[in-house]
Amino acid sequence: MLSLDLAGLVRASGRSWWEARYSRGRVVTEWDVASGGGLLPHLVEAGHWDELERDGLIGVRLVCPNGAVAELASREDHRLFQFKAGGAAAVDGKQLHWCSAHVIGAVVDASGACVCRAWETAEQRVVEFEDNVFAIRYRSVGPLALEHLGVRI
C-alpha cells in the first residue's frame, strides 16, 4: 500500500514512477535513484533503471498519477524490466521530450515471451498485454536492448 505522501508526490509529478522489490525485502524506488537518496526528487527527473542491482530482483511496480498501481513478479533474477516509450523533437531551437507510455515487464520463458503493464500518458490509464522482448509490438517499439535493461534469457 502506498503512503499518502508518496501518492501525493506521484500525483503532483503528473507521471508514473517505478519501484523495484528484492527477495530480502529491500525496495528501491525511482525517486530514490533520481534524488540520490534525498527526500524529494525533482518532479520530472527520471531515475536510472540501468543502475539497479539485478540479483534478487523479484518484483517491479508501476505507480501512476491517477492512483493506479500495476505490479509484476518473477521467480528468476534478470527477468524484469521497465522502459519508457516516447520521443524527442526540436522546435524553435528548443528540445522537446515526451513519454507516451511507461512499461514494466516480466520475461516468462526462453523464447522472449513477456507479460507487461503500461501507463499510457495521454489516455491516463494502465493497460495489460503480452508481447516478446525480441520484437515488442506494443507501440511499434521493436527489439529491446536486453543487456541495457539487465535482462538475461
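Residues numbered from 1 in each chain as written. Predicted model: local features only at pLDDT ≥ 70, side-chain atom pairs only at ≥ 80, totals over all residues. Heavy atoms only, no water.

Caption draft 1: Here's a closer look at the sheet that holds strand 3 (residues 57-63). Read across the sheet, 4 strands follow the order 2-1-3-4 without closing on themselves; strand pairing throughout is antiparallel. Each end of this open sheet is capped by a strand with a single partner; those strands are strand 2 (27-29) and strand 4 (69-73). Taken pair by pair, the neighbouring strands of this sheet meet at an average axis angle of 20°, ignoring direction. Two elements, strand 1 (residues 17-22) and strand 3, share 6 bridges in a ladder whose sense is antiparallel. Paired with Trp 17 across the strands is Val 63, a residue of strand 3. (Pairing = 2+ DSSP bridges. Helix = DSSP H or I, 4+ residues; strand = E, 2+ residues; numbered from the N terminus. Axes fitted to C-alpha atoms, helices over the stretch in contact; angles between N-to-C directions.)

Caption draft 2: Structural view of the sheet that holds strand 5 (residues 80-91). Read from one edge of the open sheet, 4 strands run 5-6-7-8, paired in antiparallel fashion. What marks the edges here is a single partner per strand, and that holds for strand 5 and strand 8 (125-132). Strand-to-strand twist across the sheet, computed as the mean angle between neighbouring axes with direction ignored, equals 25°. Where strand 6 (residues 94-107) lies against strand 7 (residues 113-120), 7 bridges are found, and the strand directions are antiparallel. Residue pairing for strand 7: Gly 105 is matched across the bridge by Cys 116.

Caption draft 3: Local environment of the pattern of salt bridges. Under the defined criterion, the tally for this structure stands at 12 salt bridges. For Arg 26, the salt bridge goes to Glu 53, with nearest N and O atoms at 3.5 Å. Within this pair, whereas Arg 26 is found in the loop between strand 1 and strand 2, its partner Glu 53 is found in the loop between helix 2 (30-35) and strand 3, the two being separated by 27 residues in sequence. Taking relative accessible area as the criterion, Glu 53 reaches 45% and is therefore assigned partly exposed. Ionic pairing is found between Arg 125 and Glu 120, a salt bridge with its closest N-O pair at 2.6 Å. Taking relative accessible area as the criterion, Glu 120 reaches 6% and is therefore assigned buried. Through salt bridges with shared partners, a single ionic network connects Glu 19, Arg 21, Arg 61 and Glu 71. (Salt bridge = Lys/Arg side-chain N within 4 Å of Asp/Glu carboxyl O. Buried < 20%, exposed > 50% of the residue type's maximum accessible area, 1.4 Å probe, protein only.)

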